[in-house]
Amino acid sequence: MQITKDIQYIGVNDHDIDLFEGQYIVENGMAYNSYVIIDDKIAVLDTVDTHFGEEWLQNLKKVLGARTPDYLIIQHMEPDHSANIDTFVKAYPDAVIVASAPAFNMMRQFFGTDYADRRQIIKEGDTLELGSHTLQFIAAPMVHWPEVMVTYDSLDKVLFSADGFGKFGALDADEDWACEARRYYFGIVGKYGMQVQNLLKKAAALDIRTICPLHGPVLKENLEYYVSLYQVWSSYGVESEGIMIAYTSVYGNTKAAAELLAAKLTEKGCPKVVTADLAREDMAECMEDAFRYGKLVLATTTYNTEIFPYMREFIDELISHNYQNRTVALIENGSWAPMAAKVMRAKLENCKNITFAENTVQIKSALNDESKAQIEALAEELIK
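Participant: An account of the overall build of the chain is requested, with residue identities and associated values reported.
Facilitator: On a plain count of helices and strands, the chain comes out with 12 helices and 22 strands. When the backbone C-alpha atoms are referred to their principal axes, the chain occupies close to 80 × 40 × 35 Å. Contacts in the chain between residues far apart in sequence, at least 24 positions, make up 70% of those at least 6 positions apart. Accessible surface, the chain: about 16,400 Å² in total, of which carbon and sulfur atoms supply 47%. Looking at the chain, you have 35 positive and 56 negative side-chain charges, and the mean spots of the two groups are 4 Å apart.

Shown next, in the form of structure tokens:
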């Protein structure tokens, strides 16, 4: 893939993977992106996952022909991008490795060496001259590891964005960008909104015409759309008007309450109502919707004096990813000592800017006229 006259794509598609980072379902695989800039000097940006080292080297050799690279720039040390550093060094022993000081520390941990005989340590504001192309390095700590540097090519106006603007899915997958980029962002980067905001401020000062991430497609058109989504996501804003109802149900009664509330909200004109059975649906998909919409309803049973395990896991995931700026409503079910609403509220009340609905629904075993009336009142409150 030719990105500009001098910049080529040399990454790979992984269709064998089932779980990315051991937890995220990736039905359409993953892309591990790597790029090469061919100028008076040649710079390769990042490597690929360990299983694709030979394919990646062949891609590089095909692009370079008889030439050899001068630099390997490592922007991010996560193994899906850095695993083939040693492979590259053995193939090109005269090349210089360019990375941040924390990245070289991680190389020592991963490979037993920090390549002191062939390294160039970079920091915020440093540049690298290739000929016509000047590369500027921009620190992006905790987006989403501490060693991350992103790279800007001032000639072709290209931002090599590391894991920023990435998504799940191989490059040959025909799927909506925003859906899988949103799930990727909130699952992997979402905790670090402030750090992403800092990077976006730095990027706003640059003339960017192409974004080259380490996962997902190269972005060349309508960049304002992608940046605007990242602005919303990283500030924990509301992307879409709507309500998510996340529930767990043992014998179907809490599910019935969730479905009744969804029907009431739809009848009253809510633009979007999403329901999710936390025991059966991809947790990362549920996380994505919780951050996408401005209102969240949690419905679960009291279980061992606490809450059902899948609901506990979901709330813990929300908290660990900095859930904030939302309205939360609670539905609890309990046959003799309902505790679920109290437990859920206690877990979430330390999150920033969480507003709890005034109406809480309490079901004692199964829906009755009283709990149905509570659902009606909650629907009225949420729709305002």
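This is not the end of the story, as more comes after the structure.
Participant: Go over the sheet that holds strand S7 (residues 42–45) with me, naming the residues and quoting the values.
Facilitator: Taken in spatial order, the six strands make up an open sheet running S1-S6-S7-S8-S9-S10, and their pairing is mixed. Two strands close off the open sheet at either side, each with one partner strand: strand S1 (7–9) and strand S10 (119–122). Ignoring which end each strand starts from, the neighbouring axes of this sheet average 20° apart. In the sheet, S1 pairs with strand S6 (residues 35–38) via three bridges, with the strands oriented antiparallel. Note on S6: the bridge partner recorded for Gln8 is Val36. With respect to the sheet, helix H1 (residues 53–64) is in contact with S1, S6 and S7, its orientation differing from that of S6 by roughly 20°. On the sheet, helix H4 (residues 101–111) packs against strand S9 (96–100) and S10 and is oriented at approximately 115° with respect to S9.

Participant: Go over the layout of surface pockets with me, naming the residues and quoting the values.
Facilitator: Each pocket or cavity is described by its volume, and for the largest pocket that value is around 390 Å³. Lining the largest pocket are 18 residues, with Thr301, Thr302, Gly334, Ser335 and Trp336 positioned closest to its centre. Where the lining of the largest pocket is concerned, the elements lending two or more residues are helix H8 (253–267) and strand S18 (293–303). Of the residues forming the lining of the largest pocket, the biggest block, three residues, is contributed by S18. In terms of residue class, the lining of the largest pocket is made up of six nonpolar, 12 polar and no charged. Looking at the second largest pocket, its volume works out to about 320 Å³. Along its surface, the second largest pocket is lined by 19 residues, and Phe165, Ala203, Ile208, Ile211 and Val227 are the ones closest to its centre.

Participant: Please provide a residue-by-residue account of the nonpolar core, values included.
Facilitator: Within the largest apolar cluster, 91 residues are counted, with the highest numbers of intra-cluster contacts made by Phe20, Ile85, Met107, Trp177, Leu298 and Phe314. Element by element, the count of residues in this core is highest for helix H5 (residues 177–189), at eight residues. Of all hydrophobic cores here, the second largest spans 22 residues; its members include Ile37, Ile122, Leu130 and Val218.

Participant: Requested: an account of the environment of Phe20, with residues and values cited.
Facilitator: You can see Phe20 is positioned in strand S3 (residues 19–20). Placed 329 residues apart in sequence, Phe20 and Glu349 show a C-alpha to C-alpha distance of 31 Å. Residues within four places of Phe20 in sequence aside, it is in contact with Val26, Met30, Tyr32, Asp80, Phe168, Tyr184, Ile188 and His215.

Participant: Any chance you could break down the packing of aromatic side chains for me, citing the residues and the numbers?
Facilitator: Taken as a whole and assessed by the stated rule, the structure comprises 24 aromatic pairs. Seen from their ring centres, Phe186 and Phe291 are 4.4 Å apart, and the 15° between their planes marks the pair as stacked. With Phe186 in helix H5 and Phe291 in helix H9 (residues 283–292), the pair connects residues that are 105 residues apart, well separated along the chain. With centroids separated by 5.5 Å and ring planes inclined at 50°, the aromatic side chains of Tyr230 and Trp233 adopt a geometry described as tilted. Taken together, the residues span about one helical turn, with Tyr230 and Trp233 both in helix H7 (residues 223–234) at a distance of three residues. Both residues of the pair, Tyr230 and Trp233, count as buried. These aromatic residues form a ring-pair network of at least three members: Phe165, Trp177, Tyr185, Phe186, Tyr225, Tyr226, Tyr230, Trp233, Tyr236, Phe291 and Tyr323. In this structure, Arg119 is placed above the aromatic ring of Phe104, and the distance from its NZ or CZ to the ring centre is 5.6 Å.

Thresholds applied
- Residues numbered from 1 in each chain as written.
- Predicted model: local features only at pLDDT ≥ 70, side-chain atom pairs only at ≥ 80, totals over all residues.
- Heavy atoms only, no water.
- Helix = DSSP H or I, 4+ residues; strand = E, 2+ residues; numbered from the N terminus.
- Contact = heavy atoms within 4.5 Å.
- Areas by Shrake-Rupley, 256 points an atom, 1.4 Å probe, with all protein chains shown as cover.
- Lys, Arg positive; Asp, Glu negative; His and termini not counted.
- Charge placed at Lys NZ, Arg CZ, Asp CG, Glu CD.
- Pairing = 2+ DSSP bridges.
- Axes fitted to C-alpha atoms, helices over the stretch in contact; angles between N-to-C directions.
- 1 Å grid on protein atoms, 1.4 Å probe; cavity = no way out; pocket = protein on both sides within 12 Å on 5 of 7 lines; lining within 4 Å.
- Points joined across faces, edges and corners; volume = space filled by probe spheres on them.
- Nonpolar A, V, L, I, M, F, W, Y, C, P; charged D, E, K, R; others polar.
- Core = buried A, V, L, I, M, F, W, Y, C linked by side-chain atoms within 4.5 Å.
- Buried < 20%, exposed > 50% of the residue type's maximum accessible area, 1.4 Å probe, protein only.
- Phe/Tyr/Trp six-rings, centres within 6.5 Å; stacked < 30°, edge-to-face > 60°.
- Lys NZ or Arg CZ within 6 Å of the ring centre and 35° of its normal.

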